[in-house]
Amino acid sequence: MNFTNFGKYILLLKAVFRRPEKTKIYLKAIFQQMDFIGVGSLGLISIISTFIGAVMTLQIAFQLVSDLIPKTIIGSVNRDSSILELSPTISAIVLAGKIGSAISSEIGTMRVTEQIDALEIMGINAPGYLILPKILAGITMVPVLVIISMVLSIGGGYLGGTLSGAVSAAEYIQGITTDFNPYTITVALTKAFVFGFIITSVPAYEGFYVKGGALEVAQASTRAVVVSCISILACDYLVTQLLL
């Protein structure tokens, strides 16, 4: 994203956060988006988190070749890596693909079919009406999905470790309960909040400024996912650097 695009993005956000005309209409739209982003993505996040947790446990167990290192360390390493990195970042990248492309396509189609022009002619703040509910739903539901992802990832690690015989149930539970630092959850939820904002606002920007037809909408949708993923990884580094 060059400086011109970044400037347009900031100006769009300024228009998005203008005072709403009718709060009741916005509330209905927010709940619809929360259902789409949160409930609609729950199955995908659950499957991915459970398998990532199971695979992580097997890989950590494979790396621990020394008899001097207790097997309880498998649980604590899986717990910390799931909470701090895997659950927020992997979930965000998956959601950027699923939600980002949908948002960009929806708003892009409205732009090329002149529905956005019609809203502006009627005196409706189109950026606020179309984008604000998506952003508010994103920053609310992505942290909720990340919390669910953390629980399932640690649970998946338990299943993967015990079923394969890599670690016993008692050792794994002792590992995930020993030396737990609650601050790691604060860091993870801060990341989730930032990622939720990126996942919804960047694709909305790409869709809002589409020019042309169906081909340009598809290109904007692809660009939205790519830019969102790069932004997520950059912000992941920044938040980790600032908070840890």
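Residues numbered from 1 in each chain as written. Predicted model: local features only at pLDDT ≥ 70, side-chain atom pairs only at ≥ 80, totals over all residues. Heavy atoms only, no water.

Caption draft 1: Expanded view of the overall build of the chain. Summing up its helical and strand segments, the chain has 9 helices and 0 strands in all. Starting at the N terminus, the α and β elements of the chain follow one another as α-α-α-α-α-α-α-α-α. The principal-axis extents of the C-alpha atoms in the chain amount to approximately 70 × 35 × 30 Å. The long-range share in the chain, meaning contacts at least 24 apart out of those at least 6 apart in sequence, stands at 86%. Working note: accessible area of the chain is about 12300 Å², and carbon and sulfur atoms make up 69% of it. For the chain, the distance from the average position of its 15 positive side-chain charges to the average position of its 14 negative side-chain charges is 10 Å. (Helix = DSSP H or I, 4+ residues; strand = E, 2+ residues; numbered from the N terminus. Contact = heavy atoms within 4.5 Å. Areas by Shrake-Rupley, 256 points an atom, 1.4 Å probe, with all protein chains shown as cover. Lys, Arg positive; Asp, Glu negative; His and termini not counted. Charge placed at Lys NZ, Arg CZ, Asp CG, Glu CD.)

Caption draft 2: Highlighting the environment of D80. Its place among the elements puts D80 in helix 4 (residues 72-112). Judged by its relative accessible area of 27%, D80 is partly exposed. In this structure, the C-alpha to C-alpha distance between D80 and S91, residues 11 residues apart in sequence, is 16 Å. (Buried < 20%, exposed > 50% of the residue type's maximum accessible area, 1.4 Å probe, protein only.)

Caption draft 3: Structural context of helix 2 (residues 23-37). Between its terminal C-alpha atoms helix 2 stretches 21 Å, which fits the 21 Å expected from 15 residues at 1.5 Å a residue. Among the residues making up helix 2, those that are buried are Y26, A29, I30, Q33, M34 and I37. Angularly, the buried residues of helix 2 cover 140° about the axis, an arc narrow enough to put them on a single face. In helix 2, the exposed positions that point more than 90 degrees away from the buried face belong to K24, K28 and F31. Taken together, the buried residues of helix 2 touch helix 4, helix 6 (126-164) and helix 8 (183-208). (Expected span 1.5 Å × (residues − 1). Arc of directions from axis to C-beta.)

Caption draft 4: Examining unusual backbone geometry more closely. With a phi angle near 65°, E114 is a residue other than glycine that sits in the positive phi range. A relative accessible area of 53% places E114 in the exposed class.

Caption draft 5: The nonpolar core, seen in detail. Formed by 52 residues in total, the largest nonpolar core has its most connected members in L95, I107, I116, I131, I199, F208 and I232. Among the elements of the structure, helix 1 (3-16), helix 2, helix 3 (42-63), helix 4, helix 5 (115-121), helix 6, helix 8 and helix 9 (214-243) are those that each provide at least two residues to this core. In terms of residues, this core owes the most to one element, helix 6, which gives 12 residues. Ignoring sequence-local partners within four residues, the contact set of L95 consists of S41, I45, G100, V142, L145 and I199. (Core = buried A, V, L, I, M, F, W, Y, C linked by side-chain atoms within 4.5 Å.)

Caption draft 6: Broad picture of the packing of aromatic side chains. Inspection of the entire model under this criterion finds 6 aromatic pairs. Here the aromatic cluster, defined as three or more aromatic residues joined through ring pairs, consists of F6, Y9, Y205, F208 and Y209. The cationic tip of K8 hangs over the ring face of Y209; the distance from NZ or CZ to the ring centre is 4.4 Å. Of note, R111 hangs over the ring of F208, and the distance from its end group to the ring centre comes to 4.7 Å. (Phe/Tyr/Trp six-rings, centres within 6.5 Å; stacked < 30°, edge-to-face > 60°. Lys NZ or Arg CZ within 6 Å of the ring centre and 35° of its normal.)

Caption draft 7: The arrangement of a nonpolar patch on the surface in detail. On the surface, L68, I69, I73 and V77 cluster together into a nonpolar patch covering about 360 Å² of accessible area. Inspection of the secondary structure assignment puts I69 in the loop between helix 3 and helix 4. (Patch = residues over 30% accessible without salt bridge, like charges linked within 9 Å, V, L, I, M, F, W, Y side chains within 5 Å. Salt bridge = Lys/Arg side-chain N within 4 Å of Asp/Glu carboxyl O.)

Caption draft 8: Fine view of the UniProt feature "transmembrane region" (unreviewed entry) in the chain. Under the present numbering, the feature "transmembrane region" (unreviewed entry) in UniProt falls on residues 36-62, 135-159 and 180-200. Spanning residues 36-62, this segment combines 85% helix with 0% strand, and its end C-alpha atoms are found 39 Å apart. End C-alpha to end C-alpha, residues 135-159 measures 35 Å, and it is 100% helix and 0% strand. (UniProt positions renumbered as here; feature names shortened; annotations may be inferred.)

Caption draft 9: Examining the pattern of salt bridges more closely. Enumeration over the complete set of coordinates arrives at 6 salt bridges. One salt-bridge network, in which partners are shared between bridges, spans E85, K191 and D236.

Caption draft 10: Spotlight on the packing of helix 1 against helix 6. One way to put it is that helix 1 packs onto helix 6 with a least axis distance of 8 Å and a crossing angle of 90°. On the basis of their axis angle, the class for helix 1 and helix 6 is roughly perpendicular. Where helix 1 approaches helix 6, its residues L12, L13, A15 and V16 are matched on the opposing element by P127, G128, I131, L132 and I135. Of the residues that constitute the contact of helix 1 with helix 6, the class distribution is 8 nonpolar, 1 polar and no charged. (Axes fitted to C-alpha atoms, helices over the stretch in contact; angles between N-to-C directions. Parallel < 35°, antiparallel > 145°, perpendicular 65-115°, else oblique. Nonpolar A, V, L, I, M, F, W, Y, C, P; charged D, E, K, R; others polar.)

Caption draft 11: Summary view of the confidence of the model for the chain. Within the chain, residue pLDDT values average 93, and 100% of them lie at 70 or more. Highest mean pLDDT in the chain belongs to helix 8 (96); lowest belongs to helix 2 (92). (pLDDT = per-residue confidence, 0-100.)

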